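Structural overview
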Number of protein chains: 2
Amino acid sequence: MSKPLNEQVAVLGVGCTKFGDNVDQNLADMMVDAAQAACQDAGVTLDELQAAWLGTFSPGFNGGKATITLADSLRFRERPITRVENYCATGTDAFRNAAAAISAGLYDMVLVLGAEKLKDRAVRGLQREGIHPLIEAGSTAPGMFAMAANRYMHTYGLDRRTLAKVAVKNHANGALSDKAHLKMKITEEQALSAPMIAYPFGLFDCCPTTDGAAAAILCRADIAKERGKALVLLRGSGLAVSSGKPYLDPTCEYLGFPSTRMAAEQAYKAAGVTDPAKEVDFAEVHDCFTWTEITNYEDLGFCAKGEGSKFIEEGRSSLQGDLPVNPSGGLKSFGHPVGATGVRMIYELTTQLRGQAGQRQVKNAELGLAHNLGGPGAVACVILLGREA
Amino acid sequence: MSKPLNEQVAVLGVGCTKFGDNVDQNLADMMVDAAQAACQDAGVTLDELQAAWLGTFSPGFNGGKATITLADSLRFRERPITRVENYCATGTDAFRNAAAAISAGLYDMVLVLGAEKLKDRAVRGLQREGIHPLIEAGSTAPGMFAMAANRYMHTYGLDRRTLAKVAVKNHANGALSDKAHLKMKITEEQALSAPMIAYPFGLFDCCPTTDGAAAAILCRADIAKERGKALVLLRGSGLAVSSGKPYLDPTCEYLGFPSTRMAAEQAYKAAGVTDPAKEVDFAEVHDCFTWTEITNYEDLGFCAKGEGSKFIEEGRSSLQGDLPVNPSGGLKSFGHPVGATGVRMIYELTTQLRGQAGQRQVKNAELGLAHNLGGPGAVACVILLGREA
């Protein structure tokens, strides 16, 4: 990184609510908790923050639209607040826009907040919001991803036992995370014998529906340094939208997600990463389904196409592996409140890079990657955070 | 402006669909038309654009969520697309985020697109999306703004005849705009005798429900200069969220919108504007209701608080006045497709600054202001564009 510190972006503080079925909290309550935790972590007050970006997918029935809800719940007023929505990549895209505003010199210090209240919602209604009424009518997220997984299994011979290994790993990690939604270990047999949702996905191959919020405070890196904070720096970011109609595209090989490959390419280029398998120390990736994590390994360049099964089988992505993936427990165990997930990944990356992840700490965490995947795999966002060497 | 051109943002091209009841176009069709028009105007192809920001308030029932709809309709793929939503300030906030990314050096040239398909929607359902279910339940935009207008009338003695003058002016301007939704002149008597909607607002005091899309292509100013284009530069921007609960705030004087004052202050500071009444040459402001335009004059610093009536009565905001406001016809006559409106204002500012506005051209157009107001007046965004002197 050749840029001077005053042209770089640092993560000064992070916060996260408990993820789960938060019956005692509405969207606004969770926003307050996450933002206050991030302020406390950063050692700043809300008054010091000059602007905010709010990532939320579907706040409609929980307090009107969202920027005013943030302004009123946090009394964060008289300042800019932008809402970003980009399917399941909402949280990381909000982070990306906030970071650009810091880089542009518009603000010195800002808030990024991801929040979603899902457990009060009818899942079908929610699902419908993210689904194209002509192309995808009647389909569900498990159904769509299951079709892709079947194609992959047909081509590469992946079986359900390998998928179960992803679930077992992520639940084991999540069991070490106090804030995880499904904080419990499971066995391969439990995963394999769980009720079928959409072949090859049983219940434990699917991430849960979750409430939660997460926050990050970003600032110019020279300001973070002045404050004596451990320097967690933005190394690169990427966002790509491919097509929402892969089903209609006869050239689509359907063995992964081009959006992830393109977003990763942008982020790696910005960070000067040429060999991600060696240079990325750990990653939080979008494991909405167990198979998604396997194809993510490949699309992110952690291994070659078709070798994702081997990657998990050999334990390379486990907490003790050479490239731990989803040390938090991932969407699978930590939970998936849509707009919050990307910011929750920033929370995990920052915690790991500072060496504060306790029992789930990965070794030699110097460069971490966060990856969100949204829509029918059409939108991907990749963020790279690094600790000052 | 002391910054070198390569650190400034230019508007390279703009496009706009016909605004109105576009029964032959869905959201995607309008996106394509606006973006292609902007490309043609800029002399670039879509392939040259490295990223996009899409401002849309409520695309939910018109092709799923929005970024994928843009990617597929325009075949604008393999690149970043961010959706921004911020009530009626959605379009200008999308512009603001796109400009920040150019300033940050992330991209050389990007697309900003505002689009909304409203005429297929049940207005009550749409309204509900923007309204707080606890605080504002049962209220409508005309009802909320009417309450504020009554308070203002009580304090300053404004009467309905003055409101009618705003409608007459904006319809006269809109009658000169080929793309305007309500392209027709009206008389004061017509305005005063129209059916009452919510006192003091009759039908002609309210902006219509409109379909439409508008686009702008932004680039580094040195690139615009290289291409030999008339230089239209971003001089400053501001965004502020006040409170969504002014009705509950006993200290609120309710004679204008603090959000507008704060956003304007930010934009003026960035542009070095100290006397907006003299330095701003013309403005596109958020005249969702006639009274809103009057209070906007005051909140934007075009005249003192309470003197907005005099400002319109004296003809200062007319096309021939010293500070023409809404030369396009404004929301009142040009129409108000929520997410498109802010970008449509950028279209108008750019057209005027280039001297290409034909019959509605304002004189000496060197610095133009765009102003969006959203929610219950809680969100405001102000953009200043200037022509290279």
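Residues numbered from 1 in each chain as written. Chains lettered and ligands numbered in written order. Predicted model: local features only at pLDDT ≥ 70, side-chain atom pairs only at ≥ 80, totals over all residues. Heavy atoms only, no water.

**Some words on the overall build of chain A**
Put simply, the rule reads: Elements are defined by DSSP. Helices are runs of H or I of four residues or more, strands are runs of E of two residues or more, and each kind is numbered from the N terminus. In this setup the radius of gyration rests on C-alpha atoms only. A globule is expected at 2.2 Å times the number of residues raised to 0.38. Working definition: with a 1.4 Å probe on protein chains only, accessible area under 20% of the residue-type maximum means buried, over 50% means exposed, and in between means partly exposed. We call two residues in contact when some of their heavy atoms are within 4.5 Å.
Within chain A one finds 14 helices and eleven strands. Relative to its length of 389 residues, chain A is compact, with a C-alpha radius of gyration of 19 Å against a globular reference of 21 Å. Along the three orthogonal principal directions, the C-alpha set of chain A runs to about 55 × 45 × 40 Å. Considering chain A as a whole, with its 389 residues, one finds that 66% of them fall into the buried category. If you take every contact in chain A between residues at least 6 apart in sequence, the share linking residues at least 24 apart comes to 78%.

**Focus on the side chain of H171 of chain B**
Tracing the backbone through its elements, the reader meets H171 of chain B in helix α6 (residues 160–174). Not counting residues up to four positions away in its chain, the partners in contact with H171 of chain B are L182, M184, K185, I186, F204, K332 and S333 of chain B.

**Examining the relation of the copies chain B and chain A**
Think of it as a corkscrew move, a rotation about one axis and a shift along it, taking one chain copy to the other. The following threshold applies: Copies overlap after least-squares fitting; the atoms used are the C-alpha atoms of residues with pLDDT of at least 70 in both.
Once chain B is rotated about the relating axis by 180° and shifted along it by 0.0 Å, it coincides with chain A to within an RMSD of 0.0 Å. Accordingly, the operation relating the two chain copies is best matched by a two-fold axis. Taking C-alpha positions as reference, the residue of chain B nearest the rotation axis is A104 of chain B, located at 1.9 Å. Residue by residue, 100% of the interface of chain B is reproduced at the interface of chain A, so both copies engage with the same surface.

**Quick notes on the environment of G339 of chain A**
All names here are of chain A. Mapping G339 onto the fold places it in helix α14 (residues 338–353). Linking G339 and L255, residues 84 residues apart in sequence, is a C-alpha distance of 26 Å. With residues up to four places along the chain from it excluded, the contact list for G339 reads G55, T56, F57, T90, G91, G114, A115 and E116.

**Digging into the pairing of strand β7 (residues 212–220) of chain B**
Residues and elements named next belong to chain B. Keep this limit in mind: Here, a strand pair is defined by DSSP locating no fewer than two bridges between the strands.
In terms of residue burial, β7 counts as a mostly covered element, since eight of its nine residues are buried. Of the pairings in the sheet, the one linking strand β1 (residues 9–16) to β7 comprises seven bridges and is antiparallel in character. Looking at the pairing, G15 lines up with A215 of β7. In this sheet, β7 lies alongside strand β4 (residues 109–116) in antiparallel orientation, the contact comprising eight bridges. Across the sheet, L111 pairs through a bridge with I217, a residue of β7.

**What about the interface of chain B and chain A?**
Frequently, the measure chosen for interface size is the accessible area that the parts lose on association. Cut-off, in case you're wondering: Summed over both partners, the accessible surface that disappears when two parts come together, traced with a 1.4 Å probe, is what is meant by buried area. A carboxyl oxygen of Asp or Glu within 4 Å of a side-chain nitrogen of Lys or Arg is what we treat as a salt bridge. In protein, a polar contact requires one atom able to donate a hydrogen and another able to accept it; more generally it is a pair of N or O atoms within 3.5 Å, and residues adjacent in sequence count only if both atoms are side-chain atoms.
On the side of chain A, 50 residues touch chain B, which itself brings 50 residues to the contact. For the pair chain B and chain A, the two sides together bury roughly 3700 Å², of which 53% comes from carbon and sulfur. The interface formed by chain B and chain A includes two salt bridges. For E85 of chain B, the salt bridge is made with R83 of chain A, and the minimal N-O distance between the two is 2.8 Å. If you look at where chain B meets chain A, you find 22 residue pairs in polar contact (both at pLDDT 80 or more).

**Overview of helix α5 (residues 141–156) of chain A**
Residue and element names in this part refer to chain A. Going by this rule: Expected span of a helix: the number of residues minus one, times 1.5 Å.
Look at α5: 22 Å from first C-alpha to last across 16 residues, which is about the 22 Å you get at 1.5 Å a residue. Buried within α5 are the following residues: P142, M144, F145, A146, A148, A149, Y152 and M153. On its buried face, α5 is in contact with α6 (160–174), β5 (196–198), β6 (201–202), α11 (290–299), α12 (308–313) and β10 (367–374). Here α5 starts with a cap whose side-chain oxygen sits 3.1 Å from the backbone nitrogen of G143, and that cap is T140. Just beyond α5, the residue with positive phi is G157, at close to 75°.

**With respect to the packing of aromatic side chains**
Residue and element names in this part refer to chain B. Test applied: When two rings of Phe, Tyr or Trp (its six-membered ring) have centres within 6.5 Å they constitute a pair, described as stacked for plane angles under 30 degrees, edge-to-face for angles over 60, and tilted for the intermediate range.
Under the counting rule described, the total for this entry stands at 20 aromatic pairs over all chains. Arranged with centres 6.2 Å apart and planes meeting at 65°, the rings of W53 and Y107 form a pair that is edge-to-face. Residue W53 is found in strand β2 (residues 51–55), and its partner Y107 is found in the loop between α3 (90–103) and β4; the two are separated by 54 residues along the sequence. For Y107, a relative accessible area of 12% translates into the label buried. Relative to W291, the ring of Y152 has its centre 5.8 Å away and its plane inclined at 65°; by these criteria the two rings are edge-to-face. Of the two residues, Y152 sits in helix α5 (residues 141–156) while W291 sits in helix α11 (residues 290–299), which places them 139 residues apart along the sequence. For Y152, a relative accessible area of 0% gives the class buried.

**As for the environment of A51 of chain B**
Residue and element names in this part refer to chain B. Topologically, A51 is positioned in strand β2. The exposure class of A51 is buried, given its relative accessible area of 0%. In this structure A51 touches F76, P80, Y107, M109, V110 and L111, once residues within four positions along its chain are discounted.

**What about the confidence of the model for chain A?**
Formally: The quantity called pLDDT is the predictor's confidence in a given residue, expressed from 0 to 100.
For chain A, per-residue confidence averages 92 on the pLDDT scale, and 92% of positions sit at 70 or higher. Complex prediction metrics read pTM 0.95 and ipTM 0.93.

**Here's the deal with the pattern of salt bridges**
All names here are of chain A. For the structure shown, the criterion picks out 46 salt bridges over all chains. Across the pair D178 and K183 runs a salt bridge whose closest N-O atoms are separated by 3.7 Å. Overall, K183 belongs to the partly exposed group, its relative accessible area being 40%. Where salt bridges share partners, they join R161, K165, E188, E189 and E313 into one cluster.

**Topic: the packing of α6 of chain B against α11 of chain B**
Residue and element names in this part refer to chain B. The cut-off we apply is this: Helix axes are fitted only over the stretch in contact, all axes being lines through C-alpha atoms; the angle between N-to-C directions runs from 0 to 180 degrees. For classification purposes, an angle smaller than 35 degrees is called roughly parallel, one larger than 145 roughly antiparallel, one from 65 to 115 roughly perpendicular, and anything else oblique. Each residue is assigned to one class: nonpolar for Ala, Val, Leu, Ile, Met, Phe, Trp, Tyr, Cys and Pro, charged for Asp, Glu, Lys and Arg, and polar for all the others, Gly among them.
At a minimum axis distance of 8 Å, the contact between α6 and α11 shows a crossing angle of 95°. On the basis of their axis angle, the class for α6 and α11 is roughly perpendicular. Of the residues in α11, those touching α6 at T162, L163, V166, A167, K169 and N170 are T290, W291, E293, I294 and Y297. Its residues placed into classes, the contact of α6 with α11 shows six nonpolar, three polar and two charged.

**Comments concerning the side chain of Q352 of chain A**
The topology assignment puts Q352 of chain A in helix α14. In terms of polar contacts, Q352 of chain A uses its side chain to reach the backbone amide nitrogen of V362 of chain A, at 2.9 Å.

**Here's the deal with unusual backbone geometry**
With an omega of 10°, the peptide bond running from Y199 of chain A to P200 of chain A counts as cis. Relative to the helices and strands, P200 of chain A is located in the loop between β5 and β6. Even without glycine at this site, N364 of chain A takes up a positive phi of about 50°. Mapped onto the fold, N364 of chain A is located in the loop between α14 and β10. Of note in this structure, Y87 of chain B is not a glycine but carries a positive phi near 55°. If you trace the backbone, Y87 of chain B turns up in the loop between β3 (81–85) and α3. Since its relative accessible area comes to 4%, Y87 of chain B is described here as buried.

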